[in-house]
Protein chains: 2
Amino acid sequence: MHILILGAGGMIGRKLTARLVADGTLRGEPVTALTLIDVVEPAKPAGFSGEVKTRAADLSAPGVAAQSIEGRPDVIFHLAAIVSGEAEANFELGYRVNLDGTRLLFEAIHALGQAGQYAPRVVFTSSLAVFGAPFPDIIPDEFFLTPLTSYGTQKAMGELLLADYSRRGIFDGIGIRLPTICIRPGLPNKAASGFFSNILREPLAGQEAVLPVDESVRHWHASPRSAVGFLLHAATIDLAPLGARRSVSMPGLSATVGEQIAALRRVGGEGAVKLIRREPDPTIARIVSGWPGRFEAGQARALGFQADASFDDIIRAHVEDELGGKIAGGA
Amino acid sequence: MHILILGAGGMIGRKLTARLVADGTLRGEPVTALTLIDVVEPAKPAGFSGEVKTRAADLSAPGVAAQSIEGRPDVIFHLAAIVSGEAEANFELGYRVNLDGTRLLFEAIHALGQAGQYAPRVVFTSSLAVFGAPFPDIIPDEFFLTPLTSYGTQKAMGELLLADYSRRGIFDGIGIRLPTICIRPGLPNKAASGFFSNILREPLAGQEAVLPVDESVRHWHASPRSAVGFLLHAATIDLAPLGARRSVSMPGLSATVGEQIAALRRVGGEGAVKLIRREPDPTIARIVSGWPGRFEAGQARALGFQADASFDDIIRAHVEDELGGKIAGGA
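Residues numbered from 1 in each chain as written. Chains lettered and ligands numbered in written order. Predicted model: local features only at pLDDT ≥ 70, side-chain atom pairs only at ≥ 80, totals over all residues.

Considerations on the overall build of chain A
And then number 1: A tally of helices and strands in chain A yields 12 helices and 14 strands.
And then number 2: Projected onto its principal axes, the C-alpha coordinates of chain A cover approximately 60 × 45 × 40 Å.
And then number 3: The burial tally for chain A puts 48% of its 331 residues in the buried class.
And then number 4: A sequence separation of at least 24 residues applies to 77% of the contacts in chain A between residues at least 6 apart. (Helix = DSSP H or I, 4+ residues; strand = E, 2+ residues; numbered from the N terminus. Buried ≥ 20, exposed ≤ 12 C-beta atoms within 10 Å, placed from the backbone. Contact = placed C-beta atoms within 7 Å.)

Written as structure tokens, this is what we have:
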């Protein structure tokens, strides 16, 4: 089993790589080769006995897509993307990487498939950003594509391409719309969604964090561990039940900021909660007010995708995976 | 008022041109210039006193999009497309013309707008093909994009681009999803949808027509006259009420084949009906069984788009517009 990860250097790409190396198998077959590509060369994973190729390359540059798949990977995880804020600020870059890069990949598979029998599994990471407000309280699986950002537009167009190429048998594709990842490890960032992770991650590390919105704000979350689980499950299951509708909203955990904080109190203690400083930011509050709070995700659950059971679990997974089991200051 | 029609040589393009010339105004302003482009050079319209440019060009060829808009048209009707059957048979051609051609047009407007103040009205003809079965009995305005053909995929991607470019203020765009055009003038064709028109047009001209499906088949129709009305209305109305959701399913007439035939009997007489020969074709029956029967179209109606009132009206409009008021054999 040869696996290609495009965007292998990102947070999810690194965790996916580590999990594949740890498992050693996918779909019950041994993982014998990994090709890891990102704009900055990904690190070679430790402890992997198979063949590893790492490469710094921009999928939207000429020839890169074809070179990426010349080893005929059985499974392709396409995580490479310009993120939402950057795609909004840089119109051309977003379309080039998120739309053209995706199409070039799909066309490279098409070209290789025509030369012989080749139709890999393609797992495309899409986003809730394909949907835009106004929303019903619970967003159904069949909600229409209404992106309000260029990033969401590009992801929605990628979903449509994925479905058409899959319908034609060029590859066997699935698009998975990931919830907002929480707790995102690393440094605090100024993305409008950053605070959802900041208010948990920083206090757990003994640092202060800023909460710019009201505790009543509700959003849809998945842990990095769950996101990796979604990717592996998407690479494994039979996609025939999807028919021609190839993109699926992943299950997640719907929680208010207040519920997040209550979970932090239970897992990290009152000392951690006291590190959250309230500093209302009307701009962020306005942006976030247009974000989805809860999805039906019945189709994904029926397909066996599993969300985190509680925010306590999300926090505990972060403490295990990122903090070596230790909470600063203790509970 | 300078108007550009891309795809001006097609059936709808020619009727739109004729109507603009006959009206002499759009949005209450005199039509002073027409630019008419198609892959085959469109005919210069008779009786137009303003400036006319006609040109044979492929919108997807380098430089054509920029040249098309160098006269800074106030309104752009984008009707140019590879039709459904051809886009399905020729994958590359469909994507090149229907997706790349549309994107090149939008990017040319973007480039021209950056050089000065330019943000025209863009009317993009989309299609019911952005939706695919299974359908509810009445398809709501917010039904999700589920194309089952490459043509539908390309039109859905065009809708998404249109919305994003409009949201950014690059132009003021609206996508209109036309019902199946009935009665399509001209010769019988072998498109799977051809019989909807053939069974009316041919008997009205004293010719035999083949009906390949059961009379219970229900579909969604608009006359060529209504389609031109939709285009002009789309060019005229304030689009602010659409917000970021820029594509609208047009109203139409939901009718079974049996209801079409009953209307033919009322307008054209029993002699016309007797010219319909029943010759069941399981392949066409299967294709058509996946087509929509009825749309809600409430948003379009609220915006003032008006469908044909009855199939009798659709037939009478055809007799007036195409047959000089005369039915072969008489009623």
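Let's talk about the sheet that holds strand 5 (residues 51–56) of chain A
Residues and elements named next belong to chain A.
And then number 1: One open sheet accounts for seven strands, arranged 5-4-1-6-7-8-12; its pairing is parallel. Since the sheet does not close on itself, it has two edges, and those belong to strand 5 and strand 12 (247–249), each with one partner. Geometrically, the sheet is characterised by an average inter-axis angle of 15° between neighbouring strands, direction not taken into account.
And then number 2: Of the strand pairs in this sheet, strand 7 (residues 121–127) and strand 8 (residues 172–178) are connected by seven bridges, and their pairing is parallel. (Pairing = 2+ DSSP bridges. Axes fitted to C-alpha atoms, helices over the stretch in contact; angles between N-to-C directions.)

Re the relation of the copies chain B and chain A
And then number 1: When chain B is fitted to chain A, the residual RMSD is 0.0 Å, and the transformation amounts to a turn of 180° plus an axial shift of 0.0 Å. Such a turn and shift between the copies fits a two-fold axis. Of the C-alpha atoms belonging to chain B, the one lying closest to the rotation axis is found on Phe144(B), 1.9 Å away.
And then number 2: Of the interface residues in chain B, 100% have counterparts in chain A that sit at the interface too, so the contact is made through matching surfaces. (Least-squares fit on C-alpha atoms with pLDDT ≥ 70 in both.)

As for the interface of chain B and chain A
And then number 1: With 17 residues of chain B in contact, the opposing surface of chain A contributes 17 residues.
And then number 2: Split into classes, the residues belonging to the side of chain B that touches chain A amount to 10 nonpolar, four polar and three charged. (Nonpolar A, V, L, I, M, F, W, Y, C, P; charged D, E, K, R; others polar.)

Let's talk about helix 7 (residues 224–236) of chain A
Turn by turn, an α-helix covers 3.6 residues, leaving residues three or four places apart pointing in a common direction.
And then number 1: Here helix 7 of chain A spans 19 Å end to end across 13 residues, near enough to the 18 Å set by a 1.5 Å rise per residue.
And then number 2: Along helix 7 of chain A, the positions that sit buried rather than exposed are Pro224(A), Ser226(A), Ala227(A), Val228(A), Phe230(A), Leu231(A), Ala234(A) and Ala235(A). (Expected span 1.5 Å × (residues − 1).)

Here we look at the packing of helix 1 (residues 11–23) of chain B against helix 7 (residues 224–236) of chain B
Residues and elements named next belong to chain B.
And then number 1: Where helix 1 contacts helix 7, the axes come no closer than 10 Å and their chain directions differ by 65°. Classified by the angle their axes make, helix 1 and helix 7 are roughly perpendicular. Here helix 1 and helix 7 pass one another in a crossing that is right-handed. Residue-level contacts link Met-11, Ile-12, Lys-15, Leu-16 and Arg-19 of helix 1 to Pro-224, Ala-227, Val-228, Leu-231 and Leu-232 of helix 7.
And then number 2: The class makeup of the residues in the contact of helix 1 with helix 7 is eight nonpolar, no polar and two charged. (Parallel < 35°, antiparallel > 145°, perpendicular 65-115°, else oblique. Left-handed = near helix turned anticlockwise from the far one by under 90°.)

Here we look at unusual backbone geometry
And then number 1: Looking along the chain, the bond that leaves Cys182(A) and enters Ile183(A) is cis, with omega of 10°.
And then number 2: Going from Ala133(B) to Pro134(B), the amide bond is cis rather than trans, its omega being 0°.
And then number 3: As for its position among the elements, Pro134(B) is in the loop between strand 7 (121–127) and helix 5 (150–167).
And then number 4: Positive phi, normally seen in glycine, also occurs at Arg27(B), with a value near 55°.

Some details on the confidence of the model for chain A
The predicted structure's coordinates, where accompanied by low pLDDT, should not be read in detail.
And then number 1: On average, residues of chain A score 95 in pLDDT, and 99% of them are at 70 or above.
And then number 2: The complex prediction reports pTM at 0.96, with the ipTM value standing at 0.95. (pLDDT = per-residue confidence, 0-100.)

Considering the sheet that holds strand 11 (residues 218–222) of chain B
All names here are of chain B.
And then number 1: Spatially, the three strands line up as an open sheet ordered 9-11-13, and their pairing is mixed. On the outer flanks of this sheet lie strand 9 (180–181) and strand 13 (253–256), each paired with one strand and no other.
And then number 2: Judged from the four bridges that link them, strand 11 and strand 13 form a sheet pairing that is antiparallel. In the sheet register, His-219 faces strand 13, and the bridge partner there is Ala-255.

Comments concerning helix 6 (residues 194–204) of chain B
Residue and element names in this part refer to chain B.
And then number 1: Along helix 6, 10 of the 11 residues are buried, which leaves the element largely enclosed by surrounding structure.
And then number 2: Among the residues making up helix 6, those that are buried are Phe-195, Phe-196, Ser-197, Asn-198, Ile-199, Leu-200, Arg-201, Glu-202, Pro-203 and Leu-204.
And then number 3: Gly-206 sits one or two residues past helix 6 and shows a positive phi near 80°.

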